[in-house]
Amino acid sequence: MSSPQASTTVPPPSPWVTRFTPLLRPGTSVLDVACGRGRHMRWFAQQGHAVTGVDRDAESLAVAREWGETLQADIENGPWPFTGRQFGAVVVTNYLWRPLLPTLLDAVEPGGVLLYETFAQGNETVGKPSRPDFLLRTGELLALCSDAGWRIVAFEDGFLPQPERFVQRIAAVRTHVAVPGQPPRYPL
């Protein structure tokens, strides 16, 4: 249960993330990358999932710690702190570090879910971030997951008016051995 102070300092989860939460197996482990104050950690903990959050900001992690395991790490300049570990879901919002993308895919166990939502090209016309290094190229997440053989459940690449921003987002399931003769089922 969250404290009154934490509830007022942590924004609600992304509607994209909550929409595709049913894709996760019950009680699965979730990694929230660049978790900040833990808005998605809180959401997944409330849904009965074991949650781990990683961020480089100790102050933010002090709030996020309320909902699960946290780890302070600089994932851009240091080693990946979860080498050899996989999760039932990896969640990333408002964060992009391209060299980490293959590592994030590898961190999802077979049958697990990737929920990713961040800024896209075009955002430089309405605000920050505006550097190309921090903006996904057209169709970049779709190509990444498609090339890796993932099942794409949903993908969007466009403009959102409130607040004004360009985003790209994907909900994808890492393929695994299905029951012979039956297509995999992913609840929408």
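Whatever comes next refers back to the structure up there.
Residues numbered from 1 in each chain as written. Predicted model: local features only at pLDDT ≥ 70, side-chain atom pairs only at ≥ 80, totals over all residues. Heavy atoms only, no water.

Visitor: Go over the pairing of strand β7 (residues 164-173) with me, naming the residues and quoting the values.
Guide: β7 sits mainly inside the fold: 8 of its 10 residues count as buried. Of the pairings in the sheet, the one linking strand β5 (residues 108-119) to β7 comprises 7 bridges and is antiparallel in character. Note on β7: the bridge partner recorded for Glu117 is Arg169. Pairing geometry for strand β6 (residues 151-161) and β7, over 10 bridges, is antiparallel. (Buried < 20%, exposed > 50% of the residue type's maximum accessible area, 1.4 Å probe, protein only. Helix = DSSP H or I, 4+ residues; strand = E, 2+ residues; numbered from the N terminus. Pairing = 2+ DSSP bridges.)

Visitor: Could you give an account of the pattern of salt bridges, with specific residues and numbers?
Guide: Evaluation of the coordinates by the stated rule reveals 7 salt bridges. Ionic pairing is found between Arg169 and Glu117, a salt bridge with its closest N-O pair at 2.8 Å. Pair noted here: Arg169 is in strand β7 and Glu117 is in strand β5, with a separation of 52 residues, a long-range link. Take Glu117: its relative accessible area is 6%, and that puts it in the buried class. The residue Arg137 makes a salt bridge to Glu140 at a minimum N-O spacing of 3.3 Å. According to the relative accessible area criterion, Arg137 is partly exposed, its value standing at 45%. According to the relative accessible area criterion, Glu140 is buried, its value standing at 13%. One salt-bridge network, in which partners are shared between bridges, spans Arg98, Arg137 and Glu140. (Salt bridge = Lys/Arg side-chain N within 4 Å of Asp/Glu carboxyl O.)

Visitor: So, the nonpolar core: which residues are in play, and what are the values?
Guide: In this structure, Val33, Trp80, Val90, Leu104 and Tyr116 are the most contacted members of the largest nonpolar core, which totals 26 residues. For this core, the elements supplying multiple residues, two or more each, are β1 (29-33), β4 (87-93), α5 (101-106), β5, α6 (140-147) and β7. The contacts of Leu104, once residues within four sequence positions are left out, are Val33, Trp80, Val90, Val92 and Tyr116. Of all hydrophobic cores here, the second largest spans 23 residues; its members include Leu23, Leu24, Cys35 and Met41. (Core = buried A, V, L, I, M, F, W, Y, C linked by side-chain atoms within 4.5 Å. Contact = heavy atoms within 4.5 Å.)

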